[in-house]
Amino acid sequence: MTHPPEPLLAVTGLETHFPIRRGLLRRPVGAVRAVDGVSFAIPRGKTLGLVGESGCGKTTVGRSLLRLVEPTAGGVRFAGHDVRGLSQAALRPLRRRMQIVFQDPYGSLNPRMTVRAILEEGLVVHRLGDGPERLRRMTAALERTGMPAAALARYPHEFSGGQRQRIAIARALVLEPELVVLDEPISALDVSIQAQVVNLLVELRRDLGLTYLFISHDLSVVEYISDDVAVMYLGRLVEHAPAADLYAAPLHPYTQALFSAVPSVDPARRRGRIVLPGDVPSPANPPAGCRFHPRCPLAEAVCREVDPPATRVGAHLVHCHVAARELAAGDAATASARIAAALTAAAAAQSGSQATPPG
Ligand code: SF4
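Read on for a plain summary of the structure.

Rules of the game
- Residues numbered from 1 in each chain as written.
- Predicted model: local features only at pLDDT ≥ 70, side-chain atom pairs only at ≥ 80, totals over all residues.
- Pairing = 2+ DSSP bridges.
- Helix = DSSP H or I, 4+ residues; strand = E, 2+ residues; numbered from the N terminus.
- Near = placed C-beta within 6 Å.
- Nonpolar A, V, L, I, M, F, W, Y, C, P; charged D, E, K, R; others polar.
- Core = buried A, V, L, I, M, F, W, Y, C linked by C-beta atoms within 7 Å.
- Buried ≥ 20, exposed ≤ 12 C-beta atoms within 10 Å, placed from the backbone.
- Domains from an automatic or database assignment.
- Contact = placed C-beta atoms within 7 Å.
- Axes fitted to C-alpha atoms, helices over the stretch in contact; angles between N-to-C directions.
- Parallel < 35°, antiparallel > 145°, perpendicular 65-115°, else oblique.
- Left-handed = near helix turned anticlockwise from the far one by under 90°.

## Comments concerning the sheet that holds strand β4 (residues 73-78)
Turning to step 1, where the next piece is worked out: Read from one edge of the open sheet, 4 strands run β2-β1-β4-β5, paired in antiparallel fashion. Each edge of the sheet is formed by a strand with only one pairing partner; in this case those strands are β2 (27-42) and β5 (81-82).
Turning to step 2, where the next piece is worked out: Pairing of strand β1 (residues 9-22) with β4 involves 5 bridges; the strand directions are antiparallel. Among the inter-strand pairings, Glu-15 is bridged to a residue of β4, identified as Ala-73.

## Some points on the site of the ligand
Turning to step 1, where the next piece is worked out: As a matter of local geometry, the ligand sits amid 14 residues, with Cys-290, His-293, Cys-296, Cys-303 and Cys-320 nearest to it.
Turning to step 2, where the next piece is worked out: Looking at the shell around the ligand residue by residue, the classes come out as 10 nonpolar, 3 polar and 1 charged.

## Some remarks on the nonpolar core
Turning to step 1, where the next piece is worked out: Grouped together as the largest cluster of nonpolar side chains are 73 residues, with contacts concentrated most on Leu-50, Ala-170, Leu-182, Leu-213, Phe-214 and Val-231.
Turning to step 2, where the next piece is worked out: The element contributing the most residues to this core is helix α5 (residues 161-173), with 6 residues.
Turning to step 3, where the next piece is worked out: There are two domains that each give this core at least three residues, and those are domain 1 (9-226) and domain 2 (249-352).
Turning to step 4, where the next piece is worked out: Discounting residues that sit within four places of it in the chain, Phe-214 has contacts with Thr-47, Leu-48, Gly-49, Leu-50, Leu-182, Val-222, Ile-225 and Ser-226.
Turning to step 5, where the next piece is worked out: Ranked by size, the runner-up nonpolar core spans 12 residues in total, among them Val-318, Val-322, Ile-339 and Ala-340.

## Some remarks on the sheet that holds strand β8 (residues 211-215)
Turning to step 1, where the next piece is worked out: Read across the open sheet, the 8 strands follow the order β6-β7-β8-β3-β9-β10-β12-β11; overall the sheet is mixed. Both edges of this open sheet fall to β6 (98-101) and β11 (311-313), since each of them pairs with a single strand only. Strand after strand, the sheet turns through a mean of 20° between neighbouring axes, direction not considered.

## Some details on the packing of α5 against helix α6 (residues 191-208)
Turning to step 1, where the next piece is worked out: In the contact formed by α5 and α6, the axes pass within 10 Å of each other and the chain directions differ by 25°. With respect to α6, the axis of α5 lies roughly parallel. Here the hand of the crossing between α5 and α6 comes out right-handed. Contacts from Gly-161, Gly-162 and Gln-165 in α5 reach Ile-193, Gln-196 and Val-197 in α6.

Set out below in structure tokens:
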């Protein structure tokens, strides 16, 4: 019997909490549960899109994997290694293989360093190659991202935002990584430049066999680049599926609300706008039961008390009591349509009750 290959990255029950300290002695009085029990896997050569509103914890997930912030609990396995169990010294060779590209190419490149110094820094830290070999690697990485070798002698301020993000990508590539965490890599760029950078990332993945965790709030770009998509809300994953399944039949009310805000030229995919009431609760004091219940138009009594377990249809996972009930009665497409109709009816009832003057 053959077993499926181990995924390049496997995350189980990841938690990253930040203590809240008060008083003169800075005693901990609570914790911000930025990431609170997140599990997923990314097979080699694939892309997982991680989406959600800002503040949902998706950036902390990316940083926790690389231990740029220390997770509180849970497991992270990369290429068969227990990342959380390693000392900082033992982690260093793995860090070369797991790189991150940050959102802001203005803030992530040191303005006092030449592009050469920026790219060479990682090679020096990881003791890779001698002078000529380093120059060869840096030139190759720049050219792969569409930048000329002459850029090595210049400073970041001499480049546009799109060019700086290409340099930031080259800084990751120069170390020949296997996994790249892309943390909102295009959201700071002009719209006209975004498509070029996304296409570059797609080409690099294909040509170099890279594996991506693509963190974004842009659902159209996530659909374009991702094999699988995970939706995050208040520190937890609420839905996780192959991209085609998720975009064809979103099941969680929160996912449906996110999708309803995306304009579509395809009439079959146009959805009535679902406006969620209220704000995202504080991750320092998450609601009991389903964390989405204070904002969910479909919330029932059980939602306020019982944390919904995962319901699975094929590779599609959702944490929602109502979705579980609908899936027990029909297929994912029917369940998705029924949940969408219920959300639209709830929104109409809400606006009707607001429009009706008190009798
Ligand atoms: Fe809404 Fe209940 Fe589903 Fe949570 S479990 S998303 S509150 S219907």
